[in-house]
Amino acid sequence: MQRVLIAGATSAIAEATARIFAERGARLHLLARNASRLADIAADLRVRGANEVTVDTLDMTDTGAHLPAIEQAIARLGAIDVVLLAHGTLPDQDACEASVETTLRELDTNGTSTIAFVAALVPTMRAQGTGCIAVISSVAGDRGRQSNHTYGAAKAAVSTYLSGLRQRLRPAGVNVLTIKPGFVDTPMTAAFRKGALWAQPSSVAEGIVRAIDRGAGEVYLPRFWWVIMFVIRHIPEFIFRRLKL
Amino acid sequence: MAGDALSWGRYPRVRAPRVLPFPDRHGNLPDGESSLLPYGNGRSYGDSCLNDGGALLRARQLDRFIAFDPATGILECEAGMLLAEVLDRVVPSGWFVPVTPGTRLVTLGGAIANDVHGKNHHGAGTFGRHVLDFDLLRSDRGLLHCSPTSEPELFAATVGGLGLTGLITRVRLQLRRIDGPWMITESIRFRGFDEFFALSAKSAARFEYTVAWVDFAAKGKALGRGLFSRANHAPAHPLHRPAAPTRRLVMPFIPPLSLVNRVTLRAFNTLYYHRQRRDVAHATTHYEPYFYPLDGIGQWNRMYGPKGFVQYQCVVPPADAPATIARLAREISAAGGGSFLAVLKQFGDLLSPGMLSFPRAGTTLALDFPFEGTRTLRFLDRLDDIVGAAGGAVYPAKDARMSGARFRQYFPAWQAFAPFIDPRFSSSFWRRVES
């Protein structure tokens, strides 16, 4: 039976992933801000077959609360086989440009708070000597683009931090998985017109669980984003600066 | 949402529909002036799930279980859940949905809003009869708990109410016990409508599910031939246990022309009618291919080409049913036979709980027609003349074209229903038929 901790558990991708673990009979501990939505999701996961579901409210930007929340999770689960970090927002770049305060807040929500939570987990995971820390970063972190470089900068920090941590925890037997979804049709992206590149949360969730199962270090979801981002990363800067991506 | 919000018939089309998210059942209806209509999984055929000029609520996002008691078979869940998701969870525990239409890709909310029926109508009645209660979110009164005893009038208006009375957010449903996922089926060839009626009468008591396929492309004396299918859930350990189907086909693109035409139809129907060598064929099958043969072909509706198709489903009263069905059949055969998907079923006399519920005692006939503009519309008006004269009705969930006058004749309760419509809710269908 897998013991799974999910932070940002009310996000659409996290919920879809939790369902797969629930159908496997996992024991889950869920963290998010909204208690009522947590309760709805916990009830759903129980009917889907979860062995046990416990919840705790946590604002991920409140870094002081991270350690107590992790201790509480370990008390509930016993040990942690999988941690999934899925909280985040999609900042409006124009709003960030208009306010330094907004920019810093978004960097915190999508970058610093994630890194802080992972850092708080490291001693536990290292001591366990097993398990997987899976974090939802983004293709946006691969290169800064004019349309969302605040979000991209936060995710780039997350991806880079995880890349180093992956090397660091490998000898200890702990896997660190960087998840880079492309466009996903979720409440976070409700305002966008959807085209052929858009994926459903359920298919992204399947990809996440597959990557966790096989101990992957990094995964683009859907997989074709690896090709797109390979090209985008390799466009010379003198051309890239003229693009309106 | 990914792609556009279409109805299943792909006719009519609404340009750039606005689809609003609704991920939290405790949330409020979106602010704004535009009219609203719940949009589930888009399996209504015509325009009852469309709201041209207004907005759609993405009800499919409400897809959480709330509670399931394997001892009593009472299931409580959010209303955007698909029948398919319910079945995946409850069948292994020995339960089945009490009533199912020919696709499991409909939401529970949609099943209530159209008070859907299935092959067991003669024994179980409509879906609404098995709904214990639901929550209805309205713009004027907030969240309301509705059941046959609490807000009974609103319950009756909402069952079969085409999504117009508010957004159904939560449902509690009584499931039906089964021993396993298998079905024991019989397929019997019949040569005329009189044989169909005799088989229906003879089978109703012994078989939980009955339905017939009719070859409407047949001419002259052959017209009225078909295959009568009757089935029961199998006991726990039938002798032959087929595996659950795994193969899934998808219609990957829209062909430039309808693949359904007079030539393909006559050939296909003749082959299908003769597919069994004997007059009676027995089989044990998994419930999925039995109830949902078309769900195995994703996006099958695309085979009708870019113009889409319309479905016509009517019910005619029992008294003159044989004569009325024969009259309709002659009209359909003369026009080329519509499509392969032609279904005939004898409804039982159990009362439907909704004010606008379609099922009622009599014989129901359903078939698809490739949409060919005014030719198709005029032809269906002629069918309406026959159904109207017989005192029958046409199913709104499948309709894209009936006149307002016909609708009001078929559903005289529409006047009593109208006051229950949520002041902010409307649909393309309703605006078409209310005046």
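Counting restarts for each chain: residues are numbered from 1 in the order of the written sequence. The lettering of chains begins at A and the numbering of ligands begins at 1, in the order of writing. At least 70 in pLDDT is required for a residue's local features to be given in this predicted model, at least 80 for side-chain atom pairs to be given and counted, and no such filter applies to totals for whole chains, interfaces and linings, which use all residues.

1. So, the overall build of chain A
Okay, step 1: For chain A, the helix and strand inventory stands at nine helices and seven strands.
Okay, step 2: Throughout, radius of gyration means the C-alpha value; the globule benchmark is 2.2 Å times the number of residues raised to the power 0.38. Against the globule reference of 18 Å for 245 residues, chain A gives a C-alpha radius of gyration of 17 Å, in line with a compact fold.
Okay, step 3: Taken along the three principal axes of its C-alpha coordinates, chain A extends 55 × 40 × 35 Å.
Okay, step 4: The 245 residues of chain A split such that 44% are buried.
Okay, step 5: Two residues qualify as a contact pair if the distance between their C-beta atoms, derived from the backbone, is within 7 Å. In chain A, the share of contacts with a sequence separation of at least 24, taken over all contacts with a separation of at least 6, comes to 68%. The helix and strand labels rest on DSSP assignments: H or I over at least four residues marks a helix, E over at least two residues marks a strand, and numbering proceeds from the N terminus. Around each residue's C-beta, the other C-beta atoms within 10 Å are counted; 20 or more make the residue buried, 12 or fewer make it exposed, and counts in between make it partly exposed. All C-beta atoms are placed from the backbone.

2. Section: the sheet that holds strand E2 (residues 36-39) of chain B
Residue and element names in this part refer to chain B.
Okay, step 1: At least two DSSP bridges between two strands are needed for those strands to be called paired. With parallel pairing, three strands are arranged side by side in an open sheet as E1-E3-E2. Edge positions in the sheet fall to strand E1 (18-21) and E2, since each of these pairs with one other strand and no more. If you compare each strand with its neighbour and ignore which way they point, the axes differ by 35° on average.
Okay, step 2: Taken together, the four bridges between E2 and strand E3 (residues 55-58) define a ladder with parallel strand orientation. Pairing of Pro-38 across the sheet is with Leu-57, part of E3. Structural elements are reduced to axes, namely lines fitted to C-alpha atoms, with helices fitted over the stretch in contact, and the angle between N-to-C directions of any two is expressed from 0 to 180 degrees.

3. Remarks on helix H5 (residues 100-128) of chain A
Residues and elements named next belong to chain A.
Okay, step 1: To estimate how far a helix should reach, multiply one less than its number of residues by 1.5 Å. Taking 1.5 Å per residue, 29 residues should reach 42 Å; H5 reaches 41 Å between its end C-alpha atoms and fits that length.
Okay, step 2: Across the chain, bend at a residue is computed as the angle between axes fitted to the seven residues ending at that point and the seven starting from it. Where H5 bends most, at Asp-108, the angle is about 45°.
Okay, step 3: Among the residues of H5, those classed as buried are Glu-106, Asn-110, Gly-111, Ser-113, Thr-114, Phe-117, Val-118, Leu-121 and Met-125.
Okay, step 4: Here the buried face of H5 lies against strand E1 (3-7), helix H3 (66-77), strand E4 (82-85), helix H4 (93-98), strand E5 (132-136) and helix H6 (149-169).
Okay, step 5: Immediately beyond the C-terminal end of H5, within one or two residues, lies Gly-129, with a positive phi of roughly 70°.

4. Some words on the packing of H3 of chain A against H5 of chain A
Residue and element names in this part refer to chain A.
Okay, step 1: Their axes nearest at 10 Å, the elements H3 and H5 cross at an angle of 45°. When the axis of H3 is compared with that of H5, the two are oblique. By crossing handedness, the relation of H3 to H5 is classed as right-handed. Where H3 approaches H5, its residues His-66, Leu-67, Ile-70 and Ile-74 are matched on the opposing element by Ala-116, Phe-117, Ala-120, Leu-121 and Thr-124.
Okay, step 2: Each residue gets one label: Ala, Val, Leu, Ile, Met, Phe, Trp, Tyr, Cys and Pro are nonpolar, Asp, Glu, Lys and Arg are charged, and the others, such as Gly, are polar. Residue composition of the contact of H3 with H5, by class: seven nonpolar, two polar and no charged. Roughly parallel means an angle under 35 degrees; roughly antiparallel means over 145; roughly perpendicular covers 65 to 115; every other angle is labelled oblique. Two helices crossing with the near one rotated counterclockwise from the far one by less than a right angle form a left-handed crossing, whereas a clockwise rotation gives a right-handed crossing.

5. Examining the sheet that holds strand E9 (residues 167-174) of chain B
Residues and elements named next belong to chain B.
Okay, step 1: Spatially, E4-E5-E9-E7-E8 is the arrangement adopted by the five strands of the open sheet, whose pairing is antiparallel. Unpaired on one side and paired on the other, strand E4 (65-69) and strand E8 (142-146) mark the two borders of the sheet. With direction set aside, neighbouring strand axes in the sheet form an average angle of 10°.
Okay, step 2: Here strand E7 (residues 131-138) runs beside E9; their pairing, made up of six bridges, is antiparallel. When the sheet's bridge partners are listed, Leu-136 is paired in E9 with Ile-168.

6. Here's the deal with the interface of chain A and chain B
Okay, step 1: Residue-level contacts link 13 residues of chain A with twelve residues of chain B.
Okay, step 2: The class makeup of the residues in the side of chain A that touches chain B is six nonpolar, one polar and six charged.

7. Some words on the pairing of E5 of chain A
Residue and element names in this part refer to chain A.
Okay, step 1: Along E5, five of the five residues are buried, which leaves the element largely enclosed by surrounding structure.
Okay, step 2: Across four bridges, E4 lies against E5 in parallel orientation. Bridged to Val-82 within E5 is Cys-132.
Okay, step 3: Bridge analysis of E5 against strand E6 (residues 175-181) gives five bridges, and the strand direction is parallel. The partner of Val-135 across the bridge, within E6, is Thr-178.
Okay, step 4: Every crossover in which the path from the first strand over the helix to the second runs clockwise, viewed with the strands pointing away from the viewer, is termed right-handed. A crossover links E5 with its parallel partner E6, the connecting element being H6, and its sense is right-handed.

8. Some words on the nonpolar core
Taken as a class, soluble globular proteins show a tendency for nonpolar side chains to be buried jointly.
All names here are of chain B.
Okay, step 1: Within the largest apolar cluster, 116 residues are counted, with the highest numbers of intra-cluster contacts made by Ile-112 and Val-171.
Okay, step 2: Ranked by residues supplied to this core, first place goes to strand E17 (residues 309-316) with six residues.
Okay, step 3: Beyond its immediate chain neighbours, meaning those up to four positions away, Ile-112 contacts Phe-127, Gly-128, Val-131, Phe-134, Thr-158, Val-159, Ile-168 and Val-171. Residues enter a nonpolar core if they are buried, belong to Ala, Val, Leu, Ile, Met, Phe, Trp, Tyr or Cys, and are joined to the set through C-beta atoms within 7 Å.

9. Considering unusual backbone geometry
Okay, step 1: A cis amide bond links Leu-221 of chain A with the next residue in sequence, Pro-222 of chain A, at an omega value of -15°.
Okay, step 2: Within the secondary structure layout, Pro-222 of chain A lies in the loop between strand E7 (218-221) and helix H8 (225-233).
Okay, step 3: Positioned with a positive phi, Arg-10 of chain B is a non-glycine residue whose angle comes to about 60°.
Okay, step 4: Mapping Arg-10 of chain B onto the fold places it in the segment before E1.
Okay, step 5: Residue classification places Arg-10 of chain B among the buried positions, given that 20 C-beta atoms sit within 10 Å.
Okay, step 6: Positive phi is not limited to glycine here, since Asp-115 of chain B has a value of about 35°.
Okay, step 7: Looking at the secondary structure, you find Asp-115 of chain B in the loop between helix H2 (108-113) and helix H3 (121-124).

10. Considerations on the packing of helix H1 (residues 12-23) of chain A against helix H7 (residues 201-213) of chain A
Residues and elements named next belong to chain A.
Okay, step 1: Across the interface, H1 lies against H7 with an axial gap of 8 Å and an inter-helix angle of 60°. Relative to H7, H1 is oriented oblique. In this structure, H1 crosses over H7, and the sense of that crossing is right-handed. Of the residues in H7, those touching H1 at Ala-12, Ile-13, Ala-16, Thr-17 and Ile-20 are Pro-201, Ser-202, Val-204, Ala-205, Glu-206, Ile-208 and Val-209.
Okay, step 2: Partitioning the contact of H1 with H7 into residue classes produces nine nonpolar, two polar and one charged.

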